[in-house]
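Remarks on the overall topology
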Amino acid sequence: MKLQVAIDRVTLDEAVSLANKLDGIADIIEFGTSLVKDYGFYVIKETQLDLKNSQLLLDTKTNDEGDYEFKQGFNSGADILTVMGSAGKATLDKVYKVAEQAHKTMLIDLMGLDQNSIKKIANYPNAIYNLHNSHDAGQMTGATAAVAKFNKSYPEIKRIAIAGGIDLKQTKELAKQGLTDVVIVGGKIINTDNPVESAEKFKEIIKSCN
């Protein structure tokens, strides 16, 4: 299971500094939607971001003009970009094609989707499907149960991510369960006194369960 650390609602300089410190600890470093909206692709591309061991995810939450946004996002240095599952099949088809051609990755944010809607978009084999409890909804409970239910409902989906208030206990349970590809942690790392030390604790738990 990979650790994705979500950095958001800070200045870009702070985000870049923290990302460089987390390089190699986090498997994936996310610049959240607020960062992307505040600064944009061009400014992010020109930063002193220097990731040698971690992948960069830009949480674009693309809804339309998908091929353009994904091309621009990948050109700015992203390894992974996000699209909303609610965007529609045409948009998902386009961004998946762009990601595949660029040898990059599409993450589908499933926030707000019902089971029938997910079933219609479960046909992207290299995509990551993110079970996302929204920021406004607060901390997720029953993470392992949610993943187990999702895996049973959509056995064709092989890459599952989960996000939304994930803590150390839930991370350990998810790692032991063995069904989650990426665990996404934001505030429980970023809002601590020592984010690097906190990220190391999450990474140690994941490694101990492998």
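Look a little higher up for the structure.
A brief look at the structure comes next. (Residues numbered from 1 in each chain as written. Predicted model: local features only at pLDDT ≥ 70, side-chain atom pairs only at ≥ 80, totals over all residues. Heavy atoms only, no water.)

Side note on the sheet that holds strand β8 (residues 182-185)
Read around the closed barrel, eight strands run β1-β2-β3-β4-β5-β6-β7-β8, paired in parallel fashion. Taken pair by pair, the neighbouring strands of this sheet meet at an average axis angle of 25°, ignoring direction. Relative to strand β6 (residues 128-132), strand β5 (residues 105-109) is paired through three bridges, and the arrangement is parallel. Each residue of the ladder has a partner; that of I108, found in β6, is Y129. Docked against the sheet, helix α4 (residues 89-101) engages β3 (55-62), β4 (80-84) and β5, running at close to 150° with respect to β5. Those strands touched by helix α6 (residues 143-153) are β6 and β7 (160-163), and its axis lies near 150° from that of β7. (Pairing = 2+ DSSP bridges. Helix = DSSP H or I, 4+ residues; strand = E, 2+ residues; numbered from the N terminus. Axes fitted to C-alpha atoms, helices over the stretch in contact; angles between N-to-C directions. Contact = heavy atoms within 4.5 Å.)

Focus: the pairing of β6
Within β6, four of the five residues are buried, which leaves the element mostly enclosed by the surrounding structure. As a crossover connection, the stretch from β5 through helix α5 (residues 115-120) into β6 is right-handed. Of the strand pairs in this sheet, β6 and β7 are connected by four bridges, and their pairing is parallel. Considered in β7, the bridge of H132 is made with A163. (Buried < 20%, exposed > 50% of the residue type's maximum accessible area, 1.4 Å probe, protein only. Right-handed = clockwise from strand over helix to strand, strands pointing away.)

As far as function goes, none of this settles anything; it's purely spatial.
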